[in-house]
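Structure assessment
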Amino acid sequence: MFPEAQLGKAYCLEAKGDLEAAKTAFEAFATTYPGHIQQATASLSLARCYEQLEQWDLARTTYEGVMVDHAGSPWAEAASEGLEYAKGFLK
């Protein structure tokens with residue numbers, strides 16, 4: 001249950017508006033628990049943090065990673081929608 005607790009903490013940090021800390025927590029989750037059942041949702045949340053921090057290139061690559069790693073899933077569809085949004089801000 002520890003991975004889920006760490007992920008929950010990341011969501012709480014994001015909800016609190018501490019985007020830098022949330023970003024760090026989501027990145028740590030991705031690094032520490034690759035292949036975890038919640039990996040796709042954590043990656044989508046990480047991309048959302050990148051968007052809010054206007055780190056558009058990182059948002060793009062994160063969305064693309066979800067699309068590759070979870071092809072054919074609802075998570076890939078959500079990532080595709082996020083990618084289309086982020087592309088509007090890429091230079």
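For the structure, see preceding data.
Residues numbered from 1 in each chain as written. Predicted model: local features only at pLDDT ≥ 70, side-chain atom pairs only at ≥ 80, totals over all residues. Heavy atoms only, no water.

1. Digging into the nonpolar core
Defined as follows: We define the nonpolar core as a collection of buried residues of types Ala, Val, Leu, Ile, Met, Phe, Trp, Tyr and Cys that are connected through side-chain atoms lying within 4.5 Å of one another. Accessibility here uses a 1.4 Å probe with only protein chains present; expressed as a share of the type maximum, an area under 20% marks a residue as buried, one over 50% as exposed, and anything in between as partly exposed. The numbering of helices and of strands both runs from the N terminus, where a helix is a DSSP run of H or I of at least 4 residues and a strand a run of E of at least 2. It only takes one pair of heavy atoms within 4.5 Å for two residues to be counted as in contact.
Counting residues in hydrophobic clusters, the biggest one holds 21 residues, and the most contacted among them are Phe26 and Tyr63. At the level of secondary structure, the elements contributing two or more residues to this core comprise helix H1 (2-16), helix H2 (19-32), helix H3 (39-52), helix H4 (56-69) and helix H5 (74-87). Among the elements that line this core, the one with the most residues is H3, at 6 residues. Apart from the residues lying within four places of it in its own chain, the contact partners of Phe26 are Leu7, Ala10, Tyr11, Glu14, Ala42, Ser45, Leu46 and Cys49.

2. Observations regarding H2
Quick note on the threshold: Any helix carries an expected span of 1.5 Å times its number of residues minus one. Think of it as the arc spanned by the lines of direction from the helix axis to the C-beta atoms.
Compared with the 20 Å implied by 1.5 Å per residue over 14 residues, the 20 Å span of H2 between its first and last C-alpha is a close match. Leu19, Ala22, Lys23, Phe26 and Phe29 are the residues of H2 that are buried. In a view along the axis of H2, the buried residues occupy a sector of 125°, so they form one face of it. Summarising the contacts, the buried residues of H2 are in contact with H1 and H3.

3. Quick notes on the environment of Ala78
Among the structural elements, Ala78 can be located in helix H5. For the pair formed by Ala78 and Met1, sequence separation is 77 residues and the distance between their alpha carbons is 26 Å.

4. Description of the side chain of Lys23
Just so we agree on the cut-off: Whenever a nitrogen or oxygen atom comes within 3.5 Å of another N or O atom, the pair is scored as a polar contact, on the condition that within protein one atom can donate a hydrogen and the other can accept it, and that pairs from neighbouring residues in sequence are kept only if both atoms are in side chains.
On the secondary structure map, Lys23 appears in helix H2. Reaching out from Lys23, the side chain makes a polar contact with the side chain of Glu20 at a distance of 3.3 Å. When neighbours within four sequence positions are excluded, Lys23 is seen to be in contact with Leu46, Cys49, Tyr50, Leu53 and Gln55.

5. Quick look at H5
Its 14 residues place the ends of H5 20 Å apart at the C-alpha level, agreeing with the 20 Å of an ideal helix rising 1.5 Å per residue. Buried-residue contacts for H5 involve H3 and H4. Where H5 begins, the side chain of Ser73 points an oxygen toward the backbone nitrogen of Trp75, at a separation of 3.1 Å.

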